[in-house]
Amino acid sequence: MTGAPAARPLLEVDGISVAFGAVQALQRVSMEVGRGEIVAIIGPNGAGKTSLINVVSGFYHPYEGRILFDGQNRTDFKPYDVAALGIARTFQNVALFKGMTVLDNIMTGRLLKMRGSFVLDALYWGPAKRQELAHRAFVEKIIDFLEIQAIRKTVAARLPYGLQKRVELARALAAEPALLLLDEPMAGMNIEEKEDMCRFILDVHDEFGTTIALVEHDMSVVMDVSDRVVVLDYGRKIAEGTPDEVRKDPAVIDAYLGVPHE
Amino acid sequence: MGILHAVLVAPFVDIASNPRFLAEVLIGGVASGLMYSLVALGFVLIFKASGVFNFAQGVMVLFAALNLVGLMDLGVPVPVALVLTMAIMVALAFAIERVVLRPLVNQEHIILFMATIGLNFFLEGFGEMIWGANVKKLDVGIPDRSFITAGIQMNQLELIAAVTAGILVAVLAVFFQRTRIGRALRAVADDHEAALSIGIPLKTIWVVVWSVAGLVAIVAGIMWGAKSGVQFSLSLIALKALPVLILGGFTSVPGAIVGGLIIGVGEKIGEVYWGPLVGGAIENWFAYVVALAFLLFRPQGLYGERIIERV
Amino acid sequence: MIYREAGQFKSTYASDQAIFPITQDRVVVLLAVAAAFLVPPLFANEYWLQAILIPFLVYALAALGLNLLTGYAGQLSLGTGGFMAVGAYSAFKLSTAFPWLNIILVFLLSGLIAALVGIVFGIPSLRIKGFYLAVATLASQFFLIWLFNKVPWFVNYASSGTITAPGRTVLGVMVTGPNATAAARYVVALSFVVVFALLAKNLVRGRVGRSWMAIRDRDIAAEIIGVRPLRTKLLAFAISSFYCGIAGAELVFLFLGSAETLAFDITQSFLVLFMVIVGGLGSVLGSILGAAFIIVVPIFLTNVPHTLGIALSVALLKQIELMVFGGLILFFLIVEPHGLARLWQIGKEKLRLWPFPH
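Residues numbered from 1 in each chain as written. Chains lettered and ligands numbered in written order. Predicted model: local features only at pLDDT ≥ 70, side-chain atom pairs only at ≥ 80, totals over all residues. Heavy atoms only, no water.

### A look at the overall build of chain B
Helix and strand counts for chain B come out as 13 helices and two strands. Within chain B, the proportion of its 311 residues that are buried is 52%. A fraction of 74% describes how many contacts in chain B between residues 6 or more apart in sequence connect residues 24 or more apart. (Helix = DSSP H or I, 4+ residues; strand = E, 2+ residues; numbered from the N terminus. Buried < 20%, exposed > 50% of the residue type's maximum accessible area, 1.4 Å probe, protein only. Contact = heavy atoms within 4.5 Å.)

Shown next, in the form of structure tokens:
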């Protein structure tokens with residue numbers, strides 16, 4: 001990312017403000033995510049990190065500010081239009097479709113790429129069948145990549161938490177996103193699961209060149225994985241920079257990191 | 001052109017031309033609206049306190065009325081019959097808690113709702129099996145004469161029903177807002193498991209609530225039964241109470257009254273003034289269509305809370 | 001020993017996606033379908049066909065339709081009776097107005113009309129969910145029944161207010177009307193169920209089924225990953241009403257012979273809902289099992305006391321029936337909320353291991 005002429009960042013969040021009644025979730029937050037970058041969004045609980053992700057995915061709409069994706073104003077887009085742009089995400093509380101198998105869950109990630117009429121689908125013939133099998137082949141590659149072959153026919157509700165998170169990641173990847181938003185992808189995991197997840201995220205980035213924005217609490221993960229860090233507190237951005245810069249920033253230390261005890 | 005006139009102008013002319021008649025129609029609407037409210041109150045109680053949408057509320061009204069009439073027909077004096085019926089409803093509450101609610105405590109609300117549909121059919125068959133299926137006259141000594149005030153004809157029974165409903169609402173509203181048990185009930189409605197974990201005795205709460213709903217059902221049963229006899233169609237009233245709940249919100253005690261009044265009055269006015277245009281029987285669907293229209297603009301009802309979905 | 005998958009490897013995704021991936025399953029089902037087409041018409045007596053098999057098939061189709069809407073797409077509907085009525089009255093009007101039209105085509109067109117009505121009444125589902133939607137569907141139920149009662153055009157101005165199925169033939173065989181044999185009507189009903197069950201199965205295991213289940217399980221997340229809620233829900237209403245419309249037409253043309261709106265009232269809606277709950281929400285097989293179960297129970301209840309020599313009054317039987325239905329619903333919801341289909345699945349899994357315990 002050094003030396004190259006400044007390409008337009010993939011995502012630009014420009015002065016976004018979001019409120020729910022009297023609660024100000026975000027206040028004039030601006031940030032950018034460059035193509036191919038991994039940006040971490042950190043901050044104490046209630047800082048507005050998930051709200052920021054929700055705004056970018058089109059679930060909330062800001063009352064001021066703009067969101068630009070690939071240079072185009074996308075502020076008022078509905079969630080399914082945002083998904084169609086190539087933005088995929090995972091959720092803080094795993095939002096898998098509990099009644100479906102892992103395979104079906106990941107296949108839902110391909111829904112945007114599936115065309116066709118329900119009539120042909122009902123006949124499961126010709127183009128409908130070919131399309132279904134082609135998507136299945138693609139999804140199987142993701143299943144291999146994330147090493148979840150053994151559970152592909154398990155109903156999602158039966159999976160342990162760590163695996164559910166991985167399946168959610170698979171579902172997001174199935175959409176072949178240009179931008180991947182991960183909301184606390186490692187929450188509730190033990191050390192081994194976190195290492196695995198870290199590895200997968202880096203592999204995704206290396207293999208597919210996906211731009212990634214992730215919300216995360218674990219600072220060691222953030223240090224290892226991200227190119228840049230954005231820090232939120234009480235709905236405002238209080239710092240931004242490389243992991244090292246942010247770690248030493250006094251405002252960040254005050255609000256969030258604290259100092260190690262002597 | 002003629003149609004537009006008939007629908008948009010003529011009925012209003014009718015309304016304006018005979019105020020006395022309009023007043024009688026309104027009173028009739030208020031009366032039937034209050035009846036609906038009484039049934040809806042039972043729903044609200046149970047929903048407010050346990051989050052269960054009790055589809056069987058209407059049948060509970062029927063069941064209460066059937067037991068009361070049956071006992072009275074056997075020669076039991078009215079006050080004793082009332083006490084016995086109350087005891088039966090409490091026993092029913094125990095049974096429902098044990099057989100239906102406890103096994104399903106962790107299930108989603110839709111499962112509980114369907115369980116109450118099953119309960120509905122069971123109680124209907126059971127009640128009729130014990131007491132028979134013919135229409136019975138219910139006479140608990142409430143006067144049912146019509147009288148004329150200010151040139152408007154009114155009915156004593158309907159007046160008493162109105163007053164009773166008002167008292168019930170006031171008592172219940174105070175109960176929920178001011179008492180400890182009321183608070184506990186609200187906690188249970190929010191989250192069963194959380195309530196359990198802070199030591200609220202779920203079983204007791206549920207028996208209490210369903211018993212109170214049973215009491216409300218008895219009152220409703222008496223009112224309805226005195227007015228139109230105790231018969232199977234009482235349980236269909238429950239279906240009418242659903243639009244009332246939609247208007248009034250599922251968790252609002254005053255909302256049940258307001259919703260009932262709106263539906264009752266709306267239905268009557270629609271039937272009397274617009275009904276003849278389409279051959280009558282508008283009452284069959286009017287309430288539901290109003291509820292539907294309402295839902296489109298305000299999915300949470302008049303008094304319900306706006307649900308903010310979180311992701 | 002017999003029911004094993006050993007040796008059956010799937011080397012293509014196509015074979016893995018098949019409806020019956022296990023060979024034994026496929027064989028048994030094909031045999032069962034063949035038997036269904038051959039055995040009853042040749043061997044079953046009139047009573048079995050008329051009182052059990054035909055209504056079972058008619059309601060199986062309705063249950064399939066409701067299951068697609070409520071079980072797969074998660075949209076609770078209490079309006080099934082109304083949509084069946086739309087199909088029945090459309091079929092009546094079409095076949096009396098165009099007597100030369102093939103009755104199968106009439107059924108399909110009636111289904112289409114019901115589908116359109118379903119779309120209209122499904123529009124509120126975008127804003128309204130859960131119990132509220134159930135109440136909104138009651139609006140469609142009561143309004144439609146009222147409409148068919150009030151407007152004499154629907155019954156061709158008959159003073160009795162009933163519609164009667166005219167006699168129509170398919171390939172030269174009389175299949176509706178007073179002169180149609182039970183066997184002929186049975187074959188038509190069976191064909192519809194087999195074809196539409198297959199189509200339903202194809203739908204639910206593919207793109208459409210997945211978008212339905214996504215909306216059912218987590219509609220917000222579904223929207224965020226790209227499912228378009230209105231389109232998905234309306235498709236569910238359309239297809240479900242299509243099935244229920246045809247079932248309604250079949251109810252009159254293949255089963256009852258003639259009917260009035262009472263045949264489509266709120267009790268019918270509940271009946272079909274019971275079939276879906278008992279059979280299993282979200283299961284094609286479940287719809288069929290549930291229909292069979294609910295049809296057989298009253299027959300069972302009427303006949304068992306009779307054979308045991310106990311005489312019970314009609315009213316009492318009806319009351320026992322209500323109690324048994326209610327009790328069954330409670331039983332299934334408590335013991336196995338996924339219904340008969342799940343019990344079937346568990347049975348098959350045990351069979352795979354047999355004679356080993358685990």
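Right, picking up where we left off after that structure.
### With respect to the overall build of chain A
Along chain A, the regular secondary structure elements total ten helices and ten strands. Over its C-alpha atoms chain A spans a radius of gyration of 19 Å, differing by no more than 12% from the 18 Å that the globule rule assigns to 262 residues. The dimensions of chain A, computed from C-alpha atoms along their principal axes, are 65 × 45 × 40 Å. Burial status across chain A gives 55% buried among its 262 residues. Long-range pairs, those at least 24 residues apart, make up 66% of the contacts in chain A between residues at least 6 apart in sequence. Accessible surface, chain A: about 11,600 Å² in total, of which carbon and sulfur atoms supply 52%. Averaging the locations of the 29 positively and 36 negatively charged side chains of chain A gives two centres separated by 8 Å. (Rg over C-alpha atoms; globule rule 2.2 N^0.38 Å. Areas by Shrake-Rupley, 256 points an atom, 1.4 Å probe, with all protein chains shown as cover. Lys, Arg positive; Asp, Glu negative; His and termini not counted. Charge placed at Lys NZ, Arg CZ, Asp CG, Glu CD.)

### Some words on the confidence of the model for chain B
The pLDDT averaged across chain B works out to 78; a share of 85% of its residues lies at or above 70. Interface confidence in the predicted complex, given as ipTM, is 0.86; pTM for the same model is 0.88. (pLDDT = per-residue confidence, 0-100.)

### A closer look at helix α10 (residues 250-257) of chain A
The opening residue of α10 of chain A is Asp249 of chain A, an N-cap whose side-chain oxygen sits 2.9 Å from the backbone nitrogen of Ala251 of chain A. Trailing α10 of chain A by a residue or two, Gly258 of chain A shows a phi angle of about 75°, which is positive. (Polar contact = N/O pair within 3.5 Å; in protein donor to acceptor, adjacent residues only side chain to side chain.)

### As for the packing of aromatic side chains
Centre distance and the angle of the planes are the two values used to describe a pair of aromatic rings. Overall, the coordinates contain 29 aromatic pairs over all chains when judged by the stated rule. Considering the side-chain rings of Phe55 of chain B and Phe270 of chain C, the 5.4 Å spacing of their centres and the 65° angle between planes classify their relative orientation as edge-to-face. In this pair, Phe55 of chain B is assigned in the loop between α3 (19-50) and α4 (57-73) and Phe270 of chain C in helix α11 (residues 266-279), connecting two distinct chains. Using a relative accessible area of 5% as the deciding quantity, one classes Phe270 of chain C as buried. Sitting over the ring of Phe97 of chain A, Arg171 of chain A keeps its end group 4.8 Å from the ring centre. (Phe/Tyr/Trp six-rings, centres within 6.5 Å; stacked < 30°, edge-to-face > 60°. Lys NZ or Arg CZ within 6 Å of the ring centre and 35° of its normal.)

### Concerning the interface of chain C and chain A
Contact residues are listed per partner, giving 31 residues for chain C and 38 residues for chain A. Contact between chain C and chain A buries roughly 3,100 Å² in total, counting both sides, with carbon and sulfur atoms accounting for 63%. Sorting the residues of chain C by area buried against chain A places Arg207, Arg210 and Ile224 of chain C first, and these three jointly supply 25% of that buried surface. In this structure, the connection of chain C to chain A is made through four salt bridges. Where chain C touches chain A, the interface holds nine residue pairs in polar contact (both at pLDDT 80 or more). Among the secondary structure elements, those contributing two or more residues to the side of chain C that touches chain A are α1 (13-16), α7 (182-204), α8 (207-217), α9 (219-224) and α10 (229-256) of chain C. (Buried area = accessible area lost by both parts, 1.4 Å probe. Salt bridge = Lys/Arg side-chain N within 4 Å of Asp/Glu carboxyl O.)

### Notes on the interface of chain C and chain B
Taken together, the contacts link 35 residues of chain C with 47 residues of chain B. Summed over both partners, the interface of chain C with chain B buries about 3,900 Å², with 83% contributed by carbon and sulfur atoms. The tally of links between chain C and chain B comes to zero salt bridges. Counting the contacts that link chain C with chain B gives three residue pairs in polar contact (both at pLDDT 80 or more).

### Considering the sheet that holds strand β8 (residues 211-215) of chain A
Residue and element names in this part refer to chain A. Taken in spatial order, the six strands make up an open sheet running β6-β7-β8-β3-β9-β10, and their pairing is mixed. Strands at the two margins of the open sheet, each flanked by one partner only, are β6 (87-89) and β10 (236-241). Neighbour to neighbour, the strand axes of the sheet diverge by 20° on average, direction disregarded. Across five bridges, strand β9 (residues 228-233) lies against β10 in antiparallel orientation. Across the sheet, the residue bridging to Asp233 is Arg236, located in β10. The sheet contacts of helix α6 (residues 161-174) involve β6 and β7 (179-183), and relative to β7 the element is tilted by about 160°. Along the sheet face, α10 touches β3 (38-42), β9 and β10 and points at about 125° away from the line of β10. (Pairing = 2+ DSSP bridges. Axes fitted to C-alpha atoms, helices over the stretch in contact; angles between N-to-C directions.)

### Considering the domain arrangement of chain A
Residue and element names in this part refer to chain A. According to the domain assignment, chain A consists of domain 1 (1-86 + 177-262) and domain 2 (101-175). Computed over C-alpha atoms only, the centres of domain 1 and domain 2 are separated by 27 Å. Counting from both sides, the interface comprises 20 residues of domain 1 and, opposite them, twelve residues of domain 2. For the pair domain 1 and domain 2, the summed buried area comes to about 1,300 Å², and 76% of that belongs to carbon and sulfur atoms. It is Pro177, Met197 and Phe200 in domain 1 that bury the most area against domain 2; as a group they hold 36% of the surface buried on that side. (Domains from an automatic or database assignment.)

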